[in-house]
Amino acid sequence: MLAACKTAEEIETLARDGHELLMKVEQSSKPVVAAIMGTCMGGGLEVALSCQHRIAIADSKTVLSTPEVLLGILPGAGGTQRLPRLIGLTEALPLILTGKNVPAQKAKKIGLVDQTVPPIGPGNKPAPEGNLEYLEEIAIIAARDLAAGKIKRTKKTGLVQKITDMVKDTQQFRNFVYKTARKGVMAQTHGLYPAPLKIIDVVAAGQDNGIEAGYEAEIKAFGELAMTPHSRALMGLFHGQVHCKKNHFGTPQKPVETVSILGAGLMGAGVAEVSIQKMNVILKDMNLAGLARGEQQVYKGLDKQRKRKKITSFERDTIMSRMSGQVDYTNFKECDMVIEAVFEDINIKHKVIKEVEAVIPDHCIFASNTSAIPITEIAKASKRPEKVIGMHYFSPVDKMQLLEIITTDKTSKDTAASAVDVGLRQGKLCIVVKDGPGFYTTRILGPMMSEAIRVLQEGFGPKELDKAATSFGWPVGVVTLVDEVGIDVAVHVQDFLGKAFGERFAGGNPAVLRDMVAAGFMGRKAGKGCFVYEGGKSKSREVNTAAEELLKKYALEPKGADSVSDIQMRLASRFINEAVYCLQDGILRDPVEGDMGAVFGLGFPPFHGGPFRFVDTYGADKLVADMQRFQEIYGPEFAPCQLLQDHAKSTKKFHPAK
């Protein structure tokens, strides 16, 4: 609906209509009760807030939230005004600013719902249907009690609470809350997202000047924010998530019930943790010590969920019982899929695939969690290349949403369907790309990393370069990213991609990273990289002076394009250009998956919407002009690809308006 609007005034009209409707609900002479089961978010919660009473089923699926900020807007049907008045400013503002989900029991505790009812188990009807009928019965009783005056709409408060409320109602206290909130927003967003700051202003308008002023401020802000490029980009990502949560290859012939994971290191154990909720897992390692570390990692992940009350101790132990650990190939005949997470060496992977194929059933799929080695090369050791596929997970696996699935010319459609099905059951956003060096995500990161090395050689300090990257919108600085990935890994990938793509991946001198590895500066895991990590902590870290001295050996004279904005565009343009190359080369199926992969796999600034949406918003002609200017200074690595040039010469968009 919002996407179809062309002006802020059109959107304001929609918001005003919503306000009038919910005002009628709120002022109804007949009591209106909101019965909540499952997700109650956004406009749904605003409807509930306008009701005189709210009842929720107290199960893990029932959550309440105001996620509008994640779309670059704010609650537009009175939510910024009703929520603070219901639960208080200090409780409401963080919820509106973060879009955080509130479970039913917590909602009852903070006053967001008036009553919770426990779910009933399955009986004559399935549990969901029975729960819904039960909830409806309770809601009808509550409505009758409200009408009869048996339920009071105002709660009695004690003396301490009255004094606390009086303090919180002072202008001085409210100003402190607004100031603290703005400080937190700026620390997290660097002021790059307009919605959070506007939310604080709108809430303040209602708190300081009365609810009518607040409603009017909300309507105006809703219209303004919905027309910003930030909102359009974030809404594009939302639709992209919907796209990536569908299996475009159809239903697999045999759903995966048992998955075996080779390697119990950080990646292998991470894959096991996200798989065990929906599938049986066999975790295999070379030795018992490695296996024990992997099993402990999975247990800690589940226990963290237990501590956060997402699951019970019984559920944790039940889930854990679905995993068996071993150091041989026993029971692999029961596997439907094998995911290898062994060392990035083609010879090791060939050895593994031969061993596995000797013990697995014919229908079993072999998936490689490689980040760069072409799946076609790995499949050369297989007797059944149609059953071989790439499944590239991102670390930490339990937190990173993206799964990059890689198909070869020989991968069957059913194999792809099974891989996507497994990824979706693991809770991942799945993009499917064609095979090639670096696939999509590793490939597009390569040129930017090479450019970052050159910037360091030109005398830009690691902290300054990180600040330039984060002020553009990257969640972490580019130098920090190299340290996190591992400088030894970066060397391996840069050498591999450099051989594959030649001068297009040129930039900084690769010897810089090789010398750092030789000196033992391999990044955070080694305690030292470009930065020094004391006690494993990454905050307040200092620059590694020894690495700086090493850089001086490869110092370059700046050539003029060295302002902060130029450096930001040098890094971004090489990243974006390679993404467009991937679409041009057929690695990507469409720009949507390209944007999703860049944002959710590599942290491309979400408010830009991904590299392809960035081109649409910034302008292909402007980007090509920037790159041609850099090309004159630095060389052919900045040459814009043909598809980008074609868009610059026309009015074509990667994401045409619908």
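Only a predicted model underlies this, so the values are computations on that prediction, with no experimental measurement involved. Here the residue numbering is sequential within each chain, running from 1 through the sequence in written order. It should be noted that, the model being predicted, local features are given only for residues of pLDDT at least 70 and side-chain atom pairs only at 80 or more, the latter also being counted only at that level, while totals for whole chains, interfaces and linings use all residues. By convention in this description, side-chain values take in all heavy atoms of the structure and omit both hydrogens and water.

K.L.:
Sorry, what's going on with the overall build of the protein chain here?
P.N.:
From N to C terminus, the protein chain includes 28 helices and 16 strands. Scaling as 2.2 N^0.38, a compact globule of 658 residues should have a C-alpha radius of gyration of about 26 Å, and the protein chain matches this with 27 Å. Overall, the C-alpha framework of the protein chain stretches about 80 × 60 × 50 Å when taken along its three principal axes. Put simply, the protein chain has 658 residues, and 52% of those count as buried. Residues are treated as being in contact if the distance between any of their heavy atoms lies within 4.5 Å. Across the protein chain, every contact between residues at least 6 apart in sequence was considered, and the portion connecting residues at least 24 apart equals 72%. Here the accessible surface of atoms and residues is derived via Shrake-Rupley with a 1.4 Å probe, and residues count as covered only by protein chains that are part of the display. Summed over its atoms, the accessible surface of the protein chain is roughly 30,300 Å², and 56% of this surface lies on carbon and sulfur atoms. We score Asp and Glu as negative and Lys and Arg as positive, and we do not count His or the chain ends. The location of each charge is read from NZ of Lys, CZ of Arg, CG of Asp or CD of Glu. The centroid of the 83 positive side-chain charges in the protein chain is displaced by 5 Å from the centroid of its 76 negative side-chain charges. The secondary structure listing takes helices from DSSP runs of H or I that are at least 4 residues long and strands from runs of E that are at least 2 residues long, numbered from the N terminus. We compute the radius of gyration over the C-alpha atoms and compare it with the globule rule, which gives 2.2 Å times the number of residues raised to the power 0.38. The buried label goes to any residue with under 20% of its type's maximum accessible area, the exposed label to any with over 50%, and the partly exposed label to all in between, with areas taken from a 1.4 Å probe on protein chains only.

K.L.:
Help me understand helix α15 (residues 346-357), please; the structure alone is not making it clear to me.
P.N.:
Since the α-helix advances by 3.6 residues per turn, residues separated by three or four positions end up pointing in the same direction. What a helix should span is 1.5 Å times the count of its residues minus one. Compared with an ideal rise of 1.5 Å per residue, which puts 12 residues at 16 Å, α15 spans 16 Å between its outermost C-alpha atoms and is within 8% of the ideal. Here the buried face of α15 lies against β7 (258-262), β10 (337-340), β11 (365-368), α16 (375-379) and β12 (388-393). Polar contacts, as used here, are pairs of N or O atoms within 3.5 Å; protein pairs need one atom able to donate a hydrogen and one able to accept it. Residues neighboring in sequence count only if both atoms are side-chain atoms. Looking at where α15 begins, the residue whose side-chain oxygen comes 2.8 Å from the main-chain nitrogen of Asn347 is Asp345.

K.L.:
Just to check I follow, could you spell out helix α8 (residues 171-189) for this structure?
P.N.:
Over its 19 residues, α8 extends 26 Å from the first C-alpha to the last, a length consistent with the 27 Å expected when each residue adds 1.5 Å. Buried within α8 we find Arg174, Val177, Tyr178, Ala181, Val185 and Thr189. Projected down its long axis, α8 shows its buried positions confined to an angular sector of 95 degrees, all on one face. Exposed side chains of α8 directed beyond 90 degrees from the buried face belong to Gln172, Phe176, Lys179, Lys183 and Ala187. Arc definition: directions from the helix axis to the C-beta atoms.

K.L.:
Teacher, can you tell me more about the packing of helix α18 (residues 441-457) against helix α20 (residues 478-485) here?
P.N.:
Angle between the axes and distance between the axes are the two parameters that describe a pair of packed helices. Where α18 contacts α20, the two axes come as close as 10 Å, and the packing angle between them is 115 degrees. Crossing hand, α18 versus α20: left-handed. Between α18, through Leu445, Met448, Met449, Ala452 and Leu456, and α20, the contact on the second element is made entirely by Val478, Val479, Leu481 and Val482. Helix axes are fitted to C-alpha atoms over the stretch in contact, other axes to C-alpha atoms as well, and angles between N-to-C directions run from 0 to 180 degrees. Helix crossings fall into two classes, left-handed where the near helix is turned counterclockwise from the far one by less than a right angle and right-handed where it is turned clockwise.

K.L.:
I tried to follow the pairing of β7 on my own but got confused; where do I start?
P.N.:
Most of β7 sits inside the fold, with 5 of its 5 residues counted as buried. A two-sided burial pattern is seen for β7, the buried positions comprising Thr258, Ser260 and Leu262 on one face and Val259 and Ile261 on the other. Pairing of β7 with strand β8 (residues 280-284) involves 5 bridges; the strand directions are parallel. Opposite Leu262, over in β8, you have Lys284 as the bridge partner. Here, the term right-handed applies to a crossover whose path from the first strand over the helix to the second runs clockwise when the strands point away from the viewer. Crossover connection from β7 via helix α12 (residues 266-275) to parallel β8: handedness right-handed. Any two strands are treated as partners once DSSP identifies two or more bridges connecting them. When β7 meets β10, the two strands line up parallel, connected through 4 bridges. Across the sheet, the residue bridging to Ser260 is Val338, located in β10.

K.L.:
Would you mind going over the side chain of Glu12 with me for this structure?
P.N.:
Structurally, Glu12 can be placed in helix α1 (residues 8-26). With a relative accessible area of 11%, Glu12 lands in the buried category. With sequence-adjacent residues up to four places away left out, Glu12 is seen in contact with Ile219, Lys220 and Gly223.

K.L.:
Would you take a moment to explain the sheet that holds strand β5 (residues 102-103) for this structure?
P.N.:
The strands that make up a sheet are held in pairs by hydrogen bonds between backbone atoms, and each pair lies either parallel or antiparallel. Reading across the sheet, the 3 strands line up as β2-β4-β5 and stay open at both edges, with mixed pairing between neighbours. With one partner strand each, in any of the chains shown, β2 (39-41) and β5 form the two edges of the open sheet. Where β2 and strand β4 (residues 63-65) come together, 3 bridges link them in parallel fashion. Looking across to β4, one finds that Met41 is bridged to Ser65.

K.L.:
Teacher, can you tell me more about the state of the cysteines here?
P.N.:
The term disulfide refers to a covalent linkage connecting the sulfur atoms of a pair of cysteines. Throughout, disulfides are identified as pairs of cysteine sulfur atoms within 2.5 Å of each other. Scanning the model with the defined rule gives 0 disulfides in all. Of all cysteine sulfurs in the structure, the one in Cys364 sits closest to Cys335, which takes part in no disulfide; the separation is 5.5 Å. Here Cys641 stays unpaired: no disulfide links it, and the sulfur of Cys582, its closest cysteine neighbor, is 9.5 Å away. Judged by relative accessible area, which is 1%, Cys641 ranks as buried.

K.L.:
What's the story with the packing of helix α24 (residues 564-584) against helix α27 (residues 620-634) in this structure? I'm lost.
P.N.:
For the pair α24 and α27, the least separation of the axes is 10 Å and the interaxial angle reads 105 degrees. The angle between the axes of α24 and α27 places the two elements in the roughly perpendicular class. Taking contact as the criterion, the partners of Asp566, Met569, Arg570, Ser573, Ile576 and Asn577 in α24 are, on α27, Leu623, Asp626, Met627, Arg629, Phe630 and Tyr634. Considering only residue class, the contact of α24 with α27 consists of 6 nonpolar, 2 polar and 4 charged. In what follows, roughly perpendicular refers to angles from 65 to 115 degrees, roughly parallel to angles under 35, roughly antiparallel to angles over 145, and oblique to any angle outside these ranges. Each residue is assigned to one class: nonpolar for Ala, Val, Leu, Ile, Met, Phe, Trp, Tyr, Cys and Pro, charged for Asp, Glu, Lys and Arg, and polar for all the others, Gly among them.

K.L.:
Please clarify how the nonpolar core should be interpreted in this entry.
P.N.:
Where a protein is soluble and globular, its nonpolar side chains tend to be buried together. The definition of a nonpolar core used throughout is a set of buried Ala, Val, Leu, Ile, Met, Phe, Trp, Tyr and Cys residues joined through side-chain atoms within 4.5 Å. Core analysis: the biggest nonpolar cluster contains 99 residues, and Val338, Tyr440, Leu465, Met516, Phe575, Ile576 and Leu644 have the highest contact counts within it. No other element matches α24, which puts 11 residues into this core. When sequence neighbours within four positions are dropped, the list of residues in contact with Met516 reads Ile487, Phe521, Gly529, Cys530, Ala547 and Leu550.

K.L.:
Would you take a moment to explain the environment of Leu588 for this structure?
P.N.:
Following the sequence through the fold, Leu588 ends up in the loop between α24 and α25 (591-602). On the accessibility criterion, Leu588 (4% relative accessible area) is buried. When the C-alpha atoms of Leu588 and Tyr440 are compared, they prove to be 7.4 Å apart, with 148 residues separating the residues in sequence. For Leu588, the residues in contact, after removing those within four places along its chain, are Val433, Tyr440, Ala579, Cys582, Leu583, Glu593, Gly594 and Phe612.

K.L.:
What exactly am I supposed to notice about the pattern of salt bridges here?
P.N.:
When a carboxyl oxygen of Asp or Glu is within 4 Å of a side-chain nitrogen of Lys or Arg, the pair counts as a salt bridge. According to the stated counting rule, one finds 36 salt bridges in the structure shown. Put simply, Arg443 and Asp585 hold a salt bridge, and the shortest N to O gap is 2.7 Å. Of this pair, Arg443 sits in helix α18 while Asp585 sits in the loop between α24 and α25; the two residues are 142 residues apart in sequence, bridging distant segments of the chain. With relative accessibility at 3%, the residue Arg443 sits in the buried group. Assessed through its relative accessible area of 42%, Asp585 is described here as partly exposed.

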